[in-house]
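What follows is each chain in one-letter form.
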Amino acid sequence: MALYLKAAEILDKVERKEGAVKTLVYDSKFQNIKQLFALVCEAQKFSAVLQDIITATKLLKDTKLRMNLAKVLVYDLLIGQGLKCGGSWKAMMMKHRSRLQSELARMKIKKKVSRNQDLLPTSSGQIEGNQLPRYVRVNTLKTTVEDVIDYLKREGFNYHGQAGRMEDLRTLSGKTFILDLHLPDLLVFPPKTDFHDHFLYQAGHVILQDKASCLPAYLLNPPAGAQVLDACAAPGNKTSHLAAIMRNKGKLFAFDLDAKRLSTMSTLLLRAGVTCQQLANQDFLKVDPESPEYSRVEYILLDPSCSGSGMVCLRDGCSEPQEGAKRLQALAAFQLRCLNHALRFPSLRRLAYSTCSIHTQENEEVVSACLQHNRGYRLVPLLPGWPERGLPPLPQCLRASPGTTLTHGFFVAVLERRPEGEEEEEEEEEKVPETPLPISPPISAKPQVTGDNEIQDPGAMETQPENLTTKRKRKRKNKKKKNRTQS
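Starting afresh in each chain, residues are numbered from 1 along the sequence in its written order. Only residues with pLDDT of at least 70 are given local features in this predicted model, and only at 80 or more are side-chain atom pairs given and counted; all residues enter the totals for whole chains, interfaces and linings. With hydrogens and water stripped out, all remaining heavy atoms of the structure feed into the side-chain values.

Visitor: Is there a simple way to think about unusual backbone geometry in this case?
Guide: Note: most peptide bonds trans; most residues except glycine with negative phi. Omega for the bond connecting alanine 234 with proline 235 falls within 30 degrees of zero, at 10 degrees, which places this linkage in the cis form. Every helix listed is a DSSP run of H or I at least four residues long, and every strand listed is a run of E at least two residues long, numbered separately from the N terminus. Along the chain, proline 235 turns up in the loop between strand S6 (227-230) and helix H14 (237-245). One non-glycine residue with positive phi stands out, namely lysine 64, at about 65 degrees. Positionally, lysine 64 belongs in the loop between helix H5 (59-63) and helix H6 (67-79). Given the relative accessible area of 71%, lysine 64 is considered exposed. You will see that leucine 406, though not glycine, has its phi angle at about 60 degrees, which is positive. Burial status follows relative accessibility: with a 1.4 Å probe on protein chains alone, a residue under 20% of its type maximum counts as buried, one over 50% as exposed, and anything between as partly exposed.

Visitor: Would you explain the environment of proline 184 in this entry?
Guide: Relative to the helices and strands, proline 184 is located in the loop between strand S3 (176-179) and strand S4 (186-189). Counting along the chain gives 39 residues from proline 184 to valine 145, while the straight-line C-alpha distance between them is 8.4 Å. Between two residues, a contact is recorded if the distance between any of their heavy atoms is within 4.5 Å. For proline 184, the residues in contact, after removing those within four places along its chain, are Val145, Leu179 and Tyr218.

Visitor: Got a minute to help me understand the side chain of aspartate 180 in this structure?
Guide: Within the secondary structure, aspartate 180 sits in the loop between S3 and S4. Within polar-contact distance, the side chain of aspartate 180 engages the side chain of lysine 211 at 2.8 Å. Among all residues touching aspartate 180, those that are not within four sequence positions of it are Gln162, Leu169, Leu186, Val188 and Lys211. We define a polar contact as two N or O atoms separated by no more than 3.5 Å, with the added condition that, inside protein, one atom must be a possible hydrogen donor and the other a possible acceptor, whereas residues neighbouring each other in sequence contribute only through side-chain atom pairs.

Visitor: In this structure, what is going on with the packing of aromatic side chains? I would like to understand it.
Guide: A ring pair, where both rings are aromatic, is described by two values, the distance of the centres and the angle of the planes. Centres within 6.5 Å are what make two rings of Phe, Tyr or Trp a pair, Trp counting through its six-membered ring; a difference in plane orientation under 30 degrees is then read as stacked, over 60 as edge-to-face, and the rest as tilted. Taken as a whole and judged by the stated rule, the model has 13 aromatic pairs. Measuring from ring centre to ring centre gives 5.7 Å for phenylalanine 157 and phenylalanine 189, while their planes differ by 85 degrees; the resulting arrangement is edge-to-face. Here phenylalanine 189 lies in strand S4 and phenylalanine 157 lies in the loop between helix H10 (145-154) and strand S2 (158-162), a separation of 32 residues in the sequence. Phenylalanine 157 sits in the buried class, given a relative accessible area of 11%.

Visitor: Honestly, the pairing of S3 in this entry has me stumped. Any pointers?
Guide: Side-chain positions along a regular strand alternate between the two faces of the sheet. Covered by surrounding structure in S3 are Thr176 and Ile178 together with Phe177 and Leu179, the residues of both alternating faces. A pair of strands counts as paired when DSSP detects no fewer than two bridges linking them. Pairing of S2 with S3 involves three bridges; the strand directions are parallel. What sits directly across from asparagine 158, in S3, is threonine 176. The pairing of S3 with S4 spans two bridges and is antiparallel. Paired with leucine 179 across the two strands is leucine 187, which belongs to S4.

If you want it as structure tokens, here you go:
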């Protein structure tokens, strides 16, 4: 039974965004890693099918099992090679076997298929995820990019220099690797390259982190000696990245409400050689921005809880539209509260907001609503060469997706405090359209990107800010003239 309990635990952690499947499996120290990894991957791949079977047969009500534990048990009972447990657990599952099998057969008849494999979506996230490159961030707290490259070359890897275009990331194969074209401390390897048993990973010299997940800390870019706050920090990869950018100098406050996640994060930071952190098991929304302890915080990274719709391993399409809409509304409201709360820190200069979501409700709409009520902040234009932009009217932000940027789905916005005196002068010119939350039904489609990196959106013209009228221009001109006279 230990196999199923551990598999369910890992599926729970994946849903909470605590790490990638392979990393969580290897870090579990389970006796039979290959068996555990295979079960988790297969249960995850058939997640939507298994959930439909479990819901239709009311298995959870009859057995008091948790959903993910039920999924791994039902997978082995119906699709795998048989249950690998005995005693009361096996007896319980065998009791429900007939109706579980009947429901599976009913699903096949309904979809007019004969194989279990044919019940899967034609373009599942699992296939997409397996095709993404392996990104390896060099931990500059312990080593250098040059030293890691030399070490790998001595092991037989072929280094092909820095990538010059996105296409270079698509054509990697064998034991070749390159330096990423956007991030200076990120190495890129062919899909499925495994580093979990490698010395560099186990010693904390490299971090296995998706490229999109590296963007928030890189774009926030706090200097050495700064005071930085990571609002929703666990599992800690972004926190360790911030510490590396700060060169372990300054102070890095990191909060998370989940004590277990924070404990795991503490171990990760220790392995990465981070020493400037101050961890707190606390709800960020209950942190007092006016506390003297945080009076010098100038940089904040905010990566709040989100739908996880951008993580290709979680796209199972099993949520009902209405349930999805309600959940997105609640998440967007929570994210907006976090963002407004973060902007209350008195010395804040710059904030990076990110989600691993593809929904506009959690991304552009949250940022737009925040800017409406925080006129002292503006968006920072990010990475002009990045191929996927925020949806209109926020092209300053970045989006990421498997098809365009070869990463998980992601969104990043960076807000900075306006210089004193600029707020009133630019308020009319940079006014963000009214965006009350919630607005629209869930949007799962990715923005369309043309060859010139221009976003094509049929509703874009309706949301663009109006041009300044002659009256507004004259008002702004008179205000500037008055300010010059007073000075």
